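# An overview of the molecular structure
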Amino acid sequence: MEEEPAIPFKRENIKVLVVDDDRVELVAVSAALKQLGYQVITAVNGQDALAVLEATSGINLILSDVRMPIMNGPEFLVEIKGNSDFTDIPILMMSSNDQYEIVYE
């Protein structure tokens, strides 16, 4: 039986920022990630997420909803990519919206 290749990180060392204004989605995604062993930090909109990023070091991945109040996903993405402290953090945008124009933006 072949051994699985070693990965260069441990899940418990990965910090994931989950951003979603829908409480059910936020809890579900966070719970799934925590069950897999990741550290999870949450925010309810882009503005809240920016505050979390500024106050928390070592965030490795951001999962963000597209449609949120106060600061939506695309606005949040523009803010992050305009700040050299955060440009290297991978971001996955999530949406249950079927209007492709919004998702494409």
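Refer to the structure above for everything that follows.
An account of the accompanying structure is given in this report. (Residues numbered from 1 in each chain as written. Predicted model: local features only at pLDDT ≥ 70, side-chain atom pairs only at ≥ 80, totals over all residues. Heavy atoms only, no water.)

### Side note on the overall build of the protein
Regarding its fold elements, the protein presents 4 helices and 4 strands. Of the regular secondary structure in the protein, the N- to C-terminal order runs β-α-β-α-β-α-β-α. Counting across all 105 residues of the protein, residues that qualify as buried make up 33%. The contacts in the protein between residues at least 6 apart in sequence include a share of 64% that link residues at least 24 apart. (Helix = DSSP H or I, 4+ residues; strand = E, 2+ residues; numbered from the N terminus. Buried < 20%, exposed > 50% of the residue type's maximum accessible area, 1.4 Å probe, protein only. Contact = heavy atoms within 4.5 Å.)

### Structural notes on the packing of helix 2 (residues 46–55) against helix 3 (residues 73–81)
Packed helices, taken two at a time, are described by the angle between their axes plus the distance between the axes. As a packed pair, helix 2 and helix 3 sit with axes 9 Å apart at the nearest point and diverge in direction by 25°. Relative to helix 3, helix 2 is oriented roughly parallel. The crossing of helix 2 and helix 3 is right-handed. On helix 3, the residues that touch G46, A49, L50 and L53 of helix 2 are F76, E79 and I80. Classifying every residue of the contact of helix 2 with helix 3 gives 5 nonpolar, 1 polar and 1 charged. (Axes fitted to C-alpha atoms, helices over the stretch in contact; angles between N-to-C directions. Parallel < 35°, antiparallel > 145°, perpendicular 65-115°, else oblique. Left-handed = near helix turned anticlockwise from the far one by under 90°. Nonpolar A, V, L, I, M, F, W, Y, C, P; charged D, E, K, R; others polar.)

### Some remarks on helix 1 (residues 23–35)
Two residues of an α-helix separated by three or four positions point the same way, owing to the 3.6 residues in each turn. The end-to-end C-alpha distance of helix 1, which contains 13 residues, comes to 18 Å, matching closely the 18 Å that a straight helix rising 1.5 Å per residue would cover. Along helix 1, the residues classified as buried are L26, V29, S30 and L33. Across the axial projection of helix 1, the buried residues extend over an arc of 100°, all falling on one side. For helix 1, the exposed residues lying more than 90 degrees away from the buried face are V24 and Q35. Looking at the buried side of helix 1, the elements it contacts are strand 1 (15–19), strand 2 (39–43) and strand 3 (59–65). Where helix 1 begins, the capping side chain belongs to D22, and its oxygen is found 2.9 Å from the backbone nitrogen of V24. (Expected span 1.5 Å × (residues − 1). Arc of directions from axis to C-beta. Polar contact = N/O pair within 3.5 Å; in protein donor to acceptor, adjacent residues only side chain to side chain.)

### Concerning helix 2
By the burial criterion, the buried members of helix 2 are G46, A49, L50, V52 and L53. When helix 2 is viewed along its axis, its buried side chains cluster within an angular range of 160° and face the same direction. Facing away from the buried surface of helix 2 by more than 90 degrees, the exposed residues are E54 and A55. Where helix 2 is buried, its residues contact strand 1, strand 2, strand 3 and helix 3. Between the side-chain oxygen at the start of helix 2 and the backbone nitrogen of Q47 there is a gap of 3.0 Å, and the oxygen is on N45.

That is the geometry; function is a separate question.
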